[in-house]
Amino acid sequence: MTGPAMEATGLRKSYARRGVTGAGRRTTALDGIDLCVRWGESWGIVGESGSGKSTLLRILLALDPPDTGEVRFDGTVITGRPERSLRPLRRRFQAVFQDAYASLDPRLSVRTIIAEPLMAHGLASGSGLDRQVRALLDAVGLPRAFEARRPATLSGGERQRVAIARALAPKPDLLLLDEPVSALDVSFRRQILDLLDELRHGLGLTTITISHDLETIGRLCTRVAVMYRGRIVESGPAGEVLARPLHPYTALLLSGQLVAAPGATLPVLLAPPGDGGPWPHGSCAFAPRCPKADPRCTEPPDLSPPDGTRRAACWHPLETLPATRAP
């Protein structure tokens, strides 16, 4: 396959704030996202809680509409299309969500859960259906005896393996992973990461992984985009970005200055977002937290260079931006 697998252009999304203090105001979740994922690539989208990662994922999956912008899958616009016309395309891009227990119907057996997408897309029936379900259990490292079990009787790692098997059932070309190991105990995380990496290489999958966990991104992704307040502030080859960040925010993420917010499941940076302080509306979003900020940062920078393998939205990158061109 040639051309982009999934391409997002100019995505913007905002939500009405709740409560008395938020009445009549809106929160911007995405503020002009452009993303191009080519066939065979493994992209990671990383950022702290509230950066817009989950909103982006739902729009990429055509579960939520953007306010403006569009998403294309294999050259076809999927934004705003009726669900019926999306059905043939949905077989080709599947998702694995963070909470496998919530995404699996507790009333159904493992066999039925895995078989459903095969039957829904007319891919198997009868004895052929049984063979494919068992092959998928084998692929994710689960005994065939698990067919009769239900999600409540499984461990977190086992449920995630069932969710992965279900996503692989219709033989997708693109797999979107939403925090695939963050809900698991440490003992299961490496197992699932190893499994996903093995499946990605063995099946030739194109993947997009949403995560706040840098280990997950480094393990599964060949390219990475760093999000901050609804914008991509840095992108490039995962190994290079994680080893030599260009944007001060990426460096802060990598420094390990992360703590758990009260009542939150994802971490936030120790430094507070700030309320803008002396920075006027339209400034670089990271300026209130950036030690390198100066008057030039009152203008929001674009990702540059536009044709480079390493890109950073910063007037003062930590290193000189390379001039190499993307393949």
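Residues numbered from 1 in each chain as written. Predicted model: local features only at pLDDT ≥ 70, side-chain atom pairs only at ≥ 80, totals over all residues. Heavy atoms only, no water.

The next subject is the overall build of the protein. The secondary structure content of the protein amounts to 10 helices and 13 strands. Residue burial in the protein is summarised as follows: out of 327 residues, 46% are buried. Restricting to contacts in the protein with at least 6 residues of sequence separation, those with at least 24 account for 62%. (Helix = DSSP H or I, 4+ residues; strand = E, 2+ residues; numbered from the N terminus. Buried < 20%, exposed > 50% of the residue type's maximum accessible area, 1.4 Å probe, protein only. Contact = heavy atoms within 4.5 Å.)

With that out of the way, let us pick up the packing of aromatic side chains. If you walk through the whole model with that rule in mind, you get 5 aromatic pairs. Here Phe73 and Phe93 contribute two aromatic rings whose centre-to-centre distance is 5.0 Å and whose plane-to-plane angle is 55 degrees, an arrangement assigned as tilted. With Phe73 in strand S4 (residues 68-73) and Phe93 in strand S6 (residues 93-96), this pair connects stretches of sequence that are 20 residues apart. Summarising the burial analysis for this pair, Phe73 and Phe93 share the class buried. Where Tyr228 meets Tyr249, the ring centres are 4.6 Å apart and the plane angle is 50 degrees; that geometry is what we call tilted. Here Tyr249 lies in helix H10 (residues 248-254) and Tyr228 lies in strand S9 (residues 223-228), a separation of 21 residues in the sequence. Note on accessibility: Tyr228 and Tyr249 belong to one class, buried. Feature note: the residues Trp39, Phe73 and Phe93 constitute an aromatic cluster, connected by ring pairs. (Phe/Tyr/Trp six-rings, centres within 6.5 Å; stacked < 30°, edge-to-face > 60°.)

This brings us to the packing of helix H6 (residues 156-168) against helix H7 (residues 186-203). Contact geometry for H6 and H7: axes closest at 10 Å, N-to-C directions at 15 degrees. In terms of orientation, H6 lies roughly parallel with respect to H7. At the point where H6 passes H7, the crossing takes the right-handed sense. Only Phe188, Gln191, Ile192, Leu195, Leu196, Leu199 and Leu203 of H7 make contact with H6, whose side of the interface consists of Gly157, Gln160, Arg161, Ile164 and Leu168. Of the residues belonging to the contact of H6 with H7, the class tally is 8 nonpolar, 3 polar and 1 charged. (Axes fitted to C-alpha atoms, helices over the stretch in contact; angles between N-to-C directions. Parallel < 35°, antiparallel > 145°, perpendicular 65-115°, else oblique. Left-handed = near helix turned anticlockwise from the far one by under 90°. Nonpolar A, V, L, I, M, F, W, Y, C, P; charged D, E, K, R; others polar.)

Overall, mixed pairing links the 7 strands, which are arranged S6-S7-S8-S3-S9-S10-S13 in an open sheet. Every other strand in the sheet has two partners, leaving S6 and strand S13 (311-312) as the edge strands with one partner each. Where strand S3 (residues 42-46) and strand S8 (residues 206-211) come together, 5 bridges link them in parallel fashion. Directly across from Ile45, in S8, lies its bridge partner Ile210. (Pairing = 2+ DSSP bridges.)

A few words now on the sheet that holds strand S1 (residues 4-16). The 4 strands lie next to each other as S2-S1-S4-S5, forming an open sheet whose pairing is antiparallel. Looking along the sheet, the strands with just one partner apiece sit at the ends: strand S2 (26-38) and strand S5 (76-77). In this structure, S1 lies alongside S2, joined through 10 bridges in antiparallel fashion. Looking across to S2, one finds that Met6 is bridged to Val37. Lying over the sheet, helix H1 (residues 53-60) contacts S1, S2 and S4, oriented at roughly 125 degrees with respect to S1.

This part covers helix H4 (residues 110-120). Within H4 the residues assigned to the buried category are Val110, Ile113, Ile114, Ala115, Pro117 and Leu118. On its buried face, H4 sits against helix H5 (126-139) and H6. Looking at the residues trailing H4, positive phi occurs at Gly122, about 65 degrees.

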